[in-house]
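Chain and residue survey
The residues making up each chain are set out below.
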Amino acid sequence: MKKKYLVYFSLVFALLFTSCEEAYLDTTPTASIDAGSAYSTTKNAAAAINGIYRSFIVRYLSSQGHSGHPAMMIILDHMGEDMVLGTTAASWHVGETRWTAHRSDVNTMVQFPYEMYYRIIGNANIGIANIDKAVGPAADRNALKGEALALRAFGYFNLVQLYGKRYDATAKPNTQLGVPLVLEPTTEGKPRNTVEEVYTQINKDLAEAATLLTTSRLNKSHINLSVVKGLQARVALVQQDWTNAAKFAAEARAGYAPMTQTQYQDGFQDLTNSEWMWGFDHLEDQTEYFGAYHSYISCNYNSTVIRTYPKVINSLLYKQIPATDVRAKMWVETPTAANSIVPPGGVRPKFLNQKFRLPGTPSTSAQGDVPYMRAAEMYLIEAEAKARLNDAAGASQVLFDLVKTRDASYVKSTSTGVALINEILLQRRIELWGEGHRFLDLKRTNAALNRNGTNAIASVALLFDVAPGDVRWEFLIPRREINANPAIVQNPL
């Protein structure tokens, strides 16, 4: 039986992503589209690759809360301890907070990322298989192939972290089950490859992409060489390859200056920010309305979510931010009408999020840009990797170079060993709040989920502790995939 989610959906779907929203309703079957024609010229191929980027932000499973990769960023932070549902009125993200949604094989939460990332992979496979024959400048062919390879790697990197066990550098090769590797356009069901095999392919794709891309590009919404190096840094960090993590992170951030404190308070919704390396450029004809990233995470979009249960920060984390640090202004411990922005009728729970803010008070548009990768993350990866290599001087200097831009009173750390690593991880939690890193950081570091003593509401969260290695750190394979693909097996229940 053919698989449902490893198919490449259709080239019509990809190509029409660059057009108007009505085109999403096209029902032309996959088999009727000629991939060769879609990639006959580099101009056509560019439109198809644009379609892959568009698939990052459309709705999946007709669900408002599953609007692409930005939705996963919010979900993964809710699965950690640092993003808290602010009131008992919460309806969205409750199952994710409680760790029940991703542990039911019929829940949309297990189906959504599986379908999304394999759609990205499937369409990338079409590009990789056909771009070499496209008529056009060689430089354009190289760039398009490089983007397709990086996009495929990005898809697999997300999938293996969600559906596989954590990578353990002390247990090579990592023979635990990952996800099926599909490297050509096909609808054939395949068995799960090992975690080691998946990471080998991810690294292979990124290394090849790095030989094909340069730092030039038309828009930050597309992957260039800097972003590829950033992805290589992320992968190396997860694989505990500290030397390459530090190397790639330093190379990735070259040319990207940390934002000023004034820019830090602009609302995290503008792709032109000097520190943003890659993100979604939210254009007028690409809105997701109430499903958009900022309709869930901003402080002032006029939606039911923001009015009744806005995002708040873990109280214990917030209290570790010095008052002199500009990031302390991204949340308000005791919000009032004078010191915080909410939509009309909006509640103001303690430790209220103000980091993400759209223009207007209130904002009637959710069309803020979305940060997929920032230079700050690269500083933090480099610092952590150097600290784990016992280069305390190098690590503390990189950390200082970043944090000094946030807090003029910050003094370079004199810590070493575990204390320095913990300081860097604390800075990472503060800096990257809301950007989709916390659950995966806990998993990669083999740390426990611990919400005890925080402002998490017991009746909403229910779950306060999960030990490292618990089976719940793995998403279940969707039941529809199990039923359609006899070659695949389920994760431990």
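From a predicted model like this one, the values you see are computed outputs, not experimental measurements.

1. Digging into helix H3 (residues 42-54)
Across its 13 residues, H3 extends 18 Å between first and last C-alpha, which sits within 8% of the 18 Å expected from 1.5 Å per residue. Of all the residues in H3, the buried ones are Thr42, Ala45, Ala48, Ile49, Gly51, Ile52, Tyr53 and Arg54.

2. Considering the pairing of strand E2 (residues 276-280)
By the criterion of burial, E2 is predominantly enclosed, with five of the five residues buried. The pairing of E2 with strand E6 (residues 370-374) spans four bridges and is classified as antiparallel. In the sheet register, phenylalanine 280 faces E6, and the bridge partner there is valine 370.

3. Looking at the packing of aromatic side chains
In total, this model carries 27 aromatic pairs according to the counting rule given. Considering the side-chain rings of tryptophan 278 and tyrosine 372, the 5.1 Å spacing of their centres and the 70° angle between planes classify their relative orientation as edge-to-face. Residue tryptophan 278 is found in strand E2, and its partner tyrosine 372 is found in strand E6; the two are separated by 94 residues along the sequence. Using a relative accessible area of 8% as the deciding quantity, one classes tyrosine 372 as buried. An aromatic cluster is built from Trp99, Tyr114, Tyr118, Tyr156, Tyr163, Phe439, Trp473 and Phe475, whose rings are joined through pairwise contacts. Lying over the aromatic face of phenylalanine 268, lysine 355 brings its terminal NZ or CZ to 4.7 Å of the ring centre. When the ring centre of phenylalanine 400 is taken as reference, the NZ or CZ atom of lysine 412 above it lies at 5.8 Å.

4. Remarks on the side chain of aspartate 77
As for its position among the elements, aspartate 77 is in helix H4 (residues 68-78). Lysine 355 is the oppositely charged side chain nearest to the buried, salt-bridge-free aspartate 77, at an N-O distance of 7.3 Å. Leave out the neighbours within four places in its chain, and aspartate 77 touches Met83, Leu432, Trp433, Gly434, Glu435, Gly436, His437 and Arg438.

Conventions adopted
Residues numbered from 1 in each chain as written. Predicted model: local features only at pLDDT ≥ 70, side-chain atom pairs only at ≥ 80, totals over all residues. Heavy atoms only, no water. Helix = DSSP H or I, 4+ residues; strand = E, 2+ residues; numbered from the N terminus. Expected span 1.5 Å × (residues − 1). Buried < 20%, exposed > 50% of the residue type's maximum accessible area, 1.4 Å probe, protein only. Pairing = 2+ DSSP bridges. Phe/Tyr/Trp six-rings, centres within 6.5 Å; stacked < 30°, edge-to-face > 60°. Lys NZ or Arg CZ within 6 Å of the ring centre and 35° of its normal. Lys, Arg positive; Asp, Glu negative; His and termini not counted. Salt bridge = Lys/Arg side-chain N within 4 Å of Asp/Glu carboxyl O. Contact = heavy atoms within 4.5 Å.

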